[in-house]
2 protein chains.
Amino acid sequence: MKYDRSYNFSAGPAMMPEAVLEEIRDEMLNYRGSGMCVMEMSHRSAVFQTIVDEAEQDLRDLMQIPDNYKVLFIQGGATLQFSMIPMNLMRNGKAVYIESGAWSKKAVAEAKKVGEVTVISSKDRNYSYIPDCSDLDIPEDTDYVYICENETIHGTTWQKLPNTKGHVLVSDQSSMFLSRPCNVSDYGLIYAGVQKNVGPAGMVVVIIREDLIRDDLENLPVYMQYKTHADAASMYNTPNCWAIYCCGKVFKYLKSLGGLEAMDKINREKAQVMYDFLDQSKMFHGTVEKEVRSLMNVPFVTDSKELDAQVVAATKAAGYDNLKGHKSVGGLRASIYNAMPKEGVEALVEFLKKFEAENS
Amino acid sequence: MKYDRSYNFSAGPAMMPEAVLEEIRDEMLNYRGSGMCVMEMSHRSAVFQTIVDEAEQDLRDLMQIPDNYKVLFIQGGATLQFSMIPMNLMRNGKAVYIESGAWSKKAVAEAKKVGEVTVISSKDRNYSYIPDCSDLDIPEDTDYVYICENETIHGTTWQKLPNTKGHVLVSDQSSMFLSRPCNVSDYGLIYAGVQKNVGPAGMVVVIIREDLIRDDLENLPVYMQYKTHADAASMYNTPNCWAIYCCGKVFKYLKSLGGLEAMDKINREKAQVMYDFLDQSKMFHGTVEKEVRSLMNVPFVTDSKELDAQVVAATKAAGYDNLKGHKSVGGLRASIYNAMPKEGVEALVEFLKKFEAENS
């Protein structure tokens, strides 16, 4: 490749489009005649305001976000959202959490500090499936139902949203944000750490229905209130300006590719290459139920830990980076987000096929 | 200049060293043969761990941070610290805050949500001085004394730390971090948003004495506990990797210039150019008491708001950017952090002299 770049299968931070990185590089010393780098700009300047306004509008265009939803750029990662969500949305102190993997489990732990949490879990089979949520028994005074829509570590994706029976749905979309069309009106709150499928780490996008933003929480830390960020259009304090700038470029890039419908098609094709290989392989096999397989994170294993480690070392040596699986699942994991080219997946599969042939 | 860059007098985000920006640009598509940009790196990878380890060590070298202090990289800005500090350090629920300007005032508001706060303020003269803290009456069970060591908006700097009579001293050093030598042992906790004197927005450096890190706060949101960040060496969740990378480069750059002693000398020279001009000008004058003038933020005014606005417009047109003063002080403000070259200050002063001559 032009810059001798790796195919990087990291679960996040992860690959970004090369064309975006080139633009960022070229604007480093002087952003469009402003006389400065974006990192040096006052967040109160007109030139930066244009950057943040365009980023928000491009995201609204991509996801067709209705006018009654606010888009917020907040620091602190998903981890801070694990706390902000119950602190802001628990009016009655009750929520239902679907624990389908490591990330929803972490969210449960934080929510329990705030209120009463009913947990529906797939822990019994190491989160290899998603609990049936077509007919949940949800108490009337439940404040919201929480899901992690794509579990990065365990490699599952919700194919059909839970039936919340009219209750607010909250979704962590970190590892599948912008990977496919999304009907925002189905949710009360969507959030995503941008470091997996969009840009650099250090920022979460929160999309929240306006009526869920409360103005009676002034005793909470000011940074922890959605109202603080909503009232100031994400500029109450200095935001992660660099992440807004980089993500804005990715939003424009996705629009140029045809938006989320186009990404969905590309992502299905890419994942198909991986799963077709796994389904016919005698050495490698996937770890989750076929119906809920993630298009973004593909965990797979051999029959031995030694062989797993051997494969990880061999792929790394061949320029396929970060394929080691998370310790809670073991084996390997190929994260194939928006910015991973199809050729990267095809090349990996060719490599694995050859490895299997030579080592069987 | 080589890249037609402005002299940018922004209060933050603010100028970064051109040599650092060039390095970042050159590493954008492939960081030192890693095959990826730093924004794309797994924060759990060896290559990124080296970046974060070096950043911490270089900061320790610069500030000669004793071994019994932890260095933490946390998101959420000073605003989140306004809450984290009282939530973590108030054992007895009592603190003394010296309110010497807009930023300590904001800190007071958050601390009052957590405990009892004694406020010693210089609000009576619009924060143009720093209260005498040589012999404070501090109750024995006070948990800490809080100062903002350089008030960005009001343009004052502490010349001598308050006499805390053995109580823990907490300091917000955001707008003077690394501008002069600092005896870390005088403090229990120092923090700084890095977007003023170091790098890009979206990260705070916290330097905390280990015995102040409590392990009995598990009911706090996990992100809000210093213990979370300390135990995981700032990697409990994905940190602002890009900010760590950029700040690390600035730390190395400052070391190459001779460290904080050298920066202190340069900064005194730069500020002297500004203050010498203001002290002899008939049109412009500084707004704070001479003894507590900041070396970093120099607010000044003319005798009329119309003239102030005219000067701001004229400087901007001439390539001196972001000189408009904060609305609470009015007039103009020149922020002259570490990365502002002396030539920038000299050129501004020449411009102001000419403006005064032509408009008197």
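Keep in mind it's a predicted model, so treat the numbers as computed, not measured. The numbers attached to residues start from 1 for each chain and follow its sequence in the written order. Here chains are named by letter from A upward and ligands by number from 1 upward, in the order in which they appear as written. Given that this is a predicted model, residues contribute local features only at a pLDDT of at least 70 and side-chain atom pairs are listed and counted only at 80 or more, while totals for whole chains, interfaces and linings are drawn from all residues.

Draft legend 1. Here's a closer look at the overall build of chain A. What chain A contains, in helices and strands, is nine helices and 14 strands. Note on method: radius of gyration uses C-alpha positions; expected globular size equals 2.2 Å times residues raised to 0.38. Computed over C-alpha atoms, the radius of gyration of chain A comes to 21 Å, within 12% of the 21 Å expected from 2.2 N^0.38 for 360 residues, which places it in the range of a compact globule. Reported as C-alpha extents along the three principal axes, the dimensions of chain A are approximately 65 × 60 × 30 Å. Across the 360 residues that make up chain A, the buried fraction comes to 55%. Contacts are defined on C-beta atoms placed from the backbone: any two residues whose C-beta positions lie within 7 Å are in contact. Partitioning the intrachain contacts of chain A with sequence separation of at least 6 by distance along the chain shows that 70% fall at a separation of at least 24. Counting from the N terminus, the helices are the DSSP runs of H or I reaching at least four residues and the strands are the DSSP runs of E reaching at least two. In this scheme the burial state of a residue depends on its C-beta neighbours within 10 Å: 20 or more other such atoms mean buried, 12 or fewer mean exposed, and anything in between means partly exposed; the C-beta positions come from the backbone.

Draft legend 2. Representation of the interface of chain B and chain A within the structure. Facing 55 residues of chain B, the contacting portion of chain A comprises 55 residues. By residue class, the composition of the side of chain B that touches chain A is 24 nonpolar, 24 polar and seven charged. Think of it as three bins: nonpolar holds Ala, Val, Leu, Ile, Met, Phe, Trp, Tyr, Cys and Pro, charged holds Asp, Glu, Lys and Arg, and polar takes everything else, Gly as well.

Draft legend 3. Quick look at the nonpolar core. Judged by nonpolar contacts, the single largest core of 220 residues is most densely connected at Tyr146 and Ile336 of chain A together with Ile336 of chain B. Excluding anything up to four places from it in sequence, isoleucine 336 of chain B contacts Phe9, Lys270, Ala271, Met274, Met296, Val298 and Val345 of chain B. Only buried Ala, Val, Leu, Ile, Met, Phe, Trp, Tyr and Cys residues enter a nonpolar core, and they are joined through C-beta atoms within 7 Å.

Draft legend 4. Quick look at the sheet that holds strand β14 (residues 332-335) of chain B. Residue and element names in this part refer to chain B. If you trace the three strands from one edge of the open sheet to the other, you get β11-β12-β14, paired in antiparallel fashion. One side of each edge strand has no neighbouring strand; the edge strands of this open sheet are β11 (285-286) and β14. Any two strands are treated as partners once DSSP identifies two or more bridges connecting them. In this sheet, β14 lies alongside strand β12 (residues 297-301) in antiparallel orientation, the contact comprising four bridges. By the bridge assignment for β14, phenylalanine 300 is matched with leucine 332.

Draft legend 5. Focus on the relation of the copies chain B and chain A. Least squares is the method for superposing the copies, and the C-alpha atoms it fits come from residues with pLDDT of at least 70 in both. Superposing chain B onto chain A takes a rotation of 180° plus a shift of 0.0 Å along the axis, which leaves an RMSD of 0.0 Å. In short, the pair behaves as if placed about a two-fold rotation axis. The position closest to the rotation axis in chain B is occupied by the C-alpha of arginine 25 of chain B, lying 2.5 Å away. Counting the interface residues of chain B, we find that 100% of their copies in chain A are interface residues as well, pointing to one common contact surface.

Draft legend 6. Quick peek at the domain arrangement of chain A. Residue and element names in this part refer to chain A. For the domains described, the bounds stem from an automatic or database domain assignment. When the domains of chain A are assigned, the result is domain 1 (20-256) and domain 2 (259-358). Between the C-alpha centres of domain 1 and domain 2 there is a distance of 27 Å. Listed as interface residues are 23 residues of domain 1 and, on the opposing side, 24 residues of domain 2. Put simply, the parts of the chain that give the side of domain 1 that touches domain 2 at least two residues each are β7 (156-157) and α6 (241-257).

Draft legend 7. Geometry of helix α3 (residues 77-89) of chain A. For a helix, the expected span equals 1.5 Å multiplied by the residue count minus one. Helix length check: α3 of chain A (13 residues) gives 18 Å between terminal C-alpha atoms against 18 Å at 1.5 Å per residue, within 8%. α3 of chain A sits mainly inside the fold: 13 of its 13 residues count as buried.

Draft legend 8. Layout of the environment of glycine 248 of chain B. Residue and element names in this part refer to chain B. Structurally, the position occupied by glycine 248 is in helix α6 (residues 241-257). For glycine 248, a count of 24 C-beta atoms within 10 Å puts it in the buried group. For the pair glycine 248 and valine 222, spaced 26 residues apart in sequence, the C-alpha separation works out to 26 Å. Setting aside chain neighbours within four positions, we find glycine 248 in contact with Ile51, Glu54, Ala55 and Asp58.

Draft legend 9. Seen up close, the sheet that holds strand β10 (residues 204-209) of chain A. Residues and elements named next belong to chain A. Spatially, β2-β10-β9-β8-β5-β3-β4 is the arrangement adopted by the seven strands of the open sheet, whose pairing is mixed. Either end of the sheet is taken by a strand with one partner, and the two such strands are β2 (69-74) and β4 (116-121). On average, adjacent strands in this sheet sit at an angle of 15° to one another, irrespective of strand direction. Lines fitted to C-alpha atoms define the axes, with helix axes restricted to the stretch in contact, and inter-axis angles between N-to-C directions lie between 0 and 180 degrees.

Draft legend 10. Fine view of helix α1 (residues 18-26) of chain A. All names here are of chain A. Those residues of α1 that fall on the buried side of the exposure criterion are Val20, Leu21 and Ile24. An end-on view of α1 places all buried positions within 100° of arc, on one side of the element. Exposed side chains of α1 directed beyond 90 degrees from the buried face belong to Ala19 and Asp26. By definition, the arc is the one covered by directions from the helix axis to the C-beta atoms.

Draft legend 11. Layout of the packing of α3 of chain A against helix α4 (residues 102-111) of chain A. Residue and element names in this part refer to chain A. The geometry of α3 relative to α4 is characterised by a closest axis approach of 8 Å and an angle of 45° between their N-to-C directions. On the basis of their axis angle, the class for α3 and α4 is oblique. Where α3 crosses over α4, the two elements pack in a sense that is right-handed. Here Ala78, Phe82, Ser83 and Pro86 of α3 lie close against α4, whose contacting residues are Trp103, Lys106, Ala107, Glu110 and Ala111. Just so you know how the angles are binned, under 35 degrees is roughly parallel, over 145 roughly antiparallel, 65 to 115 roughly perpendicular, and the rest oblique. Two helices crossing with the near one rotated counterclockwise from the far one by less than a right angle form a left-handed crossing, whereas a clockwise rotation gives a right-handed crossing.

Draft legend 12. Molecular detail of the packing of helix α1 (residues 18-26) of chain B against α6 of chain B. Residue and element names in this part refer to chain B. Closest axis-to-axis distance for the α1/α6 pair is 10 Å, and the angle between their directions is 135°. Between α1 and α6, the interaxial angle falls into the category oblique. Relative to α6, α1 is oriented so that their crossing is right-handed. Across the interface between the two elements, Ala19, Val20, Glu23 and Ile24 of α1 pack against Cys246, Lys249, Val250 and Tyr253 of α6. Classifying every residue of the contact of α1 with α6 gives six nonpolar, no polar and two charged.

Draft legend 13. Spatial organisation of the pairing of β4 of chain A. Judged from the six bridges that link them, strand β3 (residues 94-99) of chain A and β4 of chain A form a sheet pairing that is parallel. Its bridge partner being in β4 of chain A, lysine 94 of chain A is matched across the sheet by glutamate 116 of chain A.

Draft legend 14. Region of the structure containing the environment of tyrosine 31 of chain A. Residues and elements named next belong to chain A. By secondary structure assignment, the location of tyrosine 31 is in the loop between α1 and α2 (46-63). Looking at tyrosine 31, the number of C-beta atoms within 10 Å reads 20, which means it is buried. Separated by 16 residues in the primary sequence, tyrosine 31 and valine 47 have C-alpha atoms spaced 9.4 Å apart. Leave out the neighbours within four places in its chain, and tyrosine 31 touches Met36, Cys37 and Val38.

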